[in-house]
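Residues per chain, in single letters:
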Amino acid sequence: LHLQDNLLKTFDVVVANPPFSLDKWGEEIASEDSFGRFKYGTPPKSKGDFAFVLHMISSLNSNGKMGVILPHGVLFRGASEGKIRTKLIEDNLLDAVIGLPANLFYGTGIPACIIVLNKNKPDELKNKVFFINADKDFAEGKKQNTLRPEDIEKIDFVFTTKTIEAKYSKLVDLETIAGNEYTLN
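Read on for a plain summary of the structure. (Residues numbered from 1 in each chain as written. Predicted model: local features only at pLDDT ≥ 70, side-chain atom pairs only at ≥ 80, totals over all residues. Heavy atoms only, no water.)

Another aspect to go through is the packing of helix α1 (residues 49-58) against helix α2 (residues 79-90). Packing of α1 against α2 brings their axes to within 11 Å, and their N-to-C directions diverge by 30°. When the axis of α1 is compared with that of α2, the two are roughly parallel. Taken as a pair, α1 and α2 cross one another with a handedness that is left-handed. Taking contact as the criterion, the partners of Asp49, Phe50, Val53, Leu54 and Ile57 in α1 are, on α2, Glu81, Ile84, Arg85 and Leu88. (Axes fitted to C-alpha atoms, helices over the stretch in contact; angles between N-to-C directions. Helix = DSSP H or I, 4+ residues; strand = E, 2+ residues; numbered from the N terminus. Parallel < 35°, antiparallel > 145°, perpendicular 65-115°, else oblique. Left-handed = near helix turned anticlockwise from the far one by under 90°. Contact = heavy atoms within 4.5 Å.)

Here you go:
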């Protein structure tokens, strides 16, 4: 929908919460995509999570950053999703993974995560991914859990400052991630 001179318009920042694991997202037309959005691979027909991610990456300018909420499964599922995840990491696009508590979102009780991608990571963060495990800090609700202001502030502070905190946050090098078969769980 966002075109400029018949090309995808690009942005400094993209933020999204696409539908989790969308079935029948349009996999059959990905091979004919004139915008080159699937250079990292084609996601499976039954799970469109990386289709949204790849579109958003293609919509970033050369200094662009993005944050997207996804089901936790994108961190470890194999096959074509594993290949896409591996290429994103190897191309140094993945900046951070923020694990969130279960039951935060309407319509699903599964845990989610935020992945942050950056097309222009600073030198000190190249070939590294910052992890935050924020799945224990929340207010339990009757039907739905919520992040309290202090939980959000902690995530923001730790992410922004890249503070290392035992059992909460860690900066992990590409070699370690490769040794874990590019699983980010």
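A negative phi angle characterises most non-glycine residues, just as the trans form characterises most peptide bonds. If you check the backbone angles, serine 21 has positive phi at about 50° while not being a glycine. Even without a glycine there, the phi angle at tyrosine 182 is positive, about 65°. Within the secondary structure, tyrosine 182 sits in the segment after α4 (174-179).

Where burial is concerned, most of strand β4 (residues 60-71) is hidden: 9 out of the 12 residues are buried. For strand β3 (residues 11-16) and β4, the ladder comprises 5 bridges, and the chain directions are parallel. The residue bridging valine 15 from the neighbouring strand is glycine 67, located in β4. As for the winding sense of the linkage, the β-α-β connection from β3 through α1 to β4 is right-handed. As defined by bridge partners, β4 adjoins strand β6 (residues 112-118) across 7 bridges and the pair is classed as antiparallel. Counted as the bridge partner of leucine 70 is cysteine 113 from β6. (Buried < 20%, exposed > 50% of the residue type's maximum accessible area, 1.4 Å probe, protein only. Pairing = 2+ DSSP bridges. Right-handed = clockwise from strand over helix to strand, strands pointing away.)

Let us now look at α2. Taking 1.5 Å per residue, 12 residues should reach 16 Å; α2 reaches 17 Å between its end C-alpha atoms and fits that length. If you check which residues of α2 are buried, you get Glu81, Gly82, Ile84, Arg85, Thr86, Leu88 and Ile89. In the segment just after α2, asparagine 92 is the residue with positive phi, at about 65°. (Expected span 1.5 Å × (residues − 1).)

Counting residues in each nonpolar core, the largest one holds 33 residues, and the members touching the most others are Val53, Met66, Leu88 and Ile115. The greatest single-element share of this core, amounting to 6 residues, is contributed by α1. When near neighbours in sequence (up to four residues on either side) are disregarded, valine 53 contacts Met66, Val68, Leu70, Leu88 and Ile115. Ile98, Leu104, Phe130 and Tyr168 belong to the second largest nonpolar core, which has 13 residues in total. (Core = buried A, V, L, I, M, F, W, Y, C linked by side-chain atoms within 4.5 Å.)

Before going further, it helps to spend a moment on the packing of aromatic side chains. What the rule picks out here adds up to 2 aromatic pairs. Centre to centre, the rings of phenylalanine 20 and phenylalanine 105 are 6.1 Å apart; their planes meet at 70°, and the pair counts as edge-to-face. Taken together, the residues span a long stretch of sequence, with phenylalanine 20 in the loop between β3 and α1 and phenylalanine 105 in the loop between β5 (94-99) and β6 at a distance of 85 residues. Measuring from ring centre to ring centre gives 5.7 Å for tryptophan 25 and phenylalanine 38, while their planes differ by 35°; the resulting arrangement is tilted. Here tryptophan 25, found in the loop between β3 and α1, pairs with phenylalanine 38, found in the loop between β3 and α1; they are 13 residues apart in sequence, far enough to count as distant. A single burial state applies to tryptophan 25 and to phenylalanine 38, both of which are buried. Sitting over the face of the ring of phenylalanine 130, lysine 162 holds its NZ or CZ atom 5.6 Å from the ring centroid. When the ring centre of phenylalanine 159 is taken as reference, the NZ or CZ atom of lysine 162 above it lies at 3.7 Å. (Phe/Tyr/Trp six-rings, centres within 6.5 Å; stacked < 30°, edge-to-face > 60°. Lys NZ or Arg CZ within 6 Å of the ring centre and 35° of its normal.)

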